[in-house]
Amino acid sequence: MNFPHDPDSARPASPDAAPVCSAKGCRTAAVWVIAWNNPRLHTPERRKTWLACDEHREHLSSFLGVRGFLKDVVTLKEWQRDSAADR
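Source: prediction; values computed, not measured.

Procedures and definitions
- Residues numbered from 1 in each chain as written.
- Predicted model: local features only at pLDDT ≥ 70, side-chain atom pairs only at ≥ 80, totals over all residues.
- Heavy atoms only, no water.
- Core = buried A, V, L, I, M, F, W, Y, C linked by side-chain atoms within 4.5 Å.
- Buried < 20%, exposed > 50% of the residue type's maximum accessible area, 1.4 Å probe, protein only.
- Helix = DSSP H or I, 4+ residues; strand = E, 2+ residues; numbered from the N terminus.
- Salt bridge = Lys/Arg side-chain N within 4 Å of Asp/Glu carboxyl O.
- Phe/Tyr/Trp six-rings, centres within 6.5 Å; stacked < 30°, edge-to-face > 60°.
- Lys NZ or Arg CZ within 6 Å of the ring centre and 35° of its normal.

Caption draft 1: How the structure looks around the nonpolar core. Counting residues in each nonpolar core, the largest one holds 12 residues, listed as Cys21, Ala23, Cys26, Ile34, Trp36, Trp50, Ala52, Cys53, Leu60, Phe63, Leu64 and Phe69. Among the secondary structure elements, those contributing two or more residues to this core are strand S1 (32–36), strand S2 (48–52) and helix H1 (57–66). Grouped together as the second largest cluster of nonpolar side chains are 5 residues, Ala30, Val33, Leu51 and Leu76 included.

Caption draft 2: Fine view of the pattern of salt bridges. Taken as a whole and judged by the stated rule, the model has 1 salt bridge. The partner of Arg81 in a salt bridge is Asp82, with the nearest N and O atoms 3.5 Å apart. The class for Asp82 is partly exposed, based on a relative accessible area of 39%.

Caption draft 3: Layout of the packing of aromatic side chains. This model, assessed by the stated rule, comprises 3 aromatic pairs. The interplanar angle of 20° and the centroid separation of 6.1 Å between the aromatic rings of Trp36 and Phe69 together place this pair among those described as stacked. Of the two residues, Trp36 sits in strand S1 while Phe69 sits in the loop between H1 and strand S3 (70–75), which places them 33 residues apart along the sequence. In this structure, Trp36 and Phe69 share a single accessibility class: buried. Measuring from ring centre to ring centre gives 5.8 Å for Trp50 and Phe63, while their planes differ by 35°; the resulting arrangement is tilted. Of the two residues, Trp50 sits in strand S2 while Phe63 sits in helix H1, which places them 13 residues apart along the sequence. Of the residues examined, Trp50 reaches a relative accessible area of 5% and is grouped as buried. Relative accessible area serves as the criterion here: at 13%, Phe63 is assigned to the buried category. Following the ring pairs from residue to residue traces out a cluster consisting of Trp36, Trp50, Phe63 and Phe69. The side chain of Arg57 reaches across the aromatic face of Trp32, ending 5.0 Å from its centre. Positioned above the aromatic ring of Phe63 is the side chain of Arg67, whose terminal nitrogen or guanidinium carbon lies 3.8 Å from the ring centre.

Here it is as structure tokens:
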């Protein structure tokens, strides 16, 4: 099973870098944001994020869903738009 290499990878390493999928070993451009939290560790409103390409979206979502951590799956564009609106 491939686990994400960086569970807080919603931002690229540098401002000029394109966001990439969080699946281990995947360097494909991210298309999806998978929002999650661990209710034993995080407050209900807290959202951690993993990024996913089309190929890994279902796998990463399922991994979190089985554990009861999955909160939302939205496109990266939606996430960025909503984040900009919150500022």
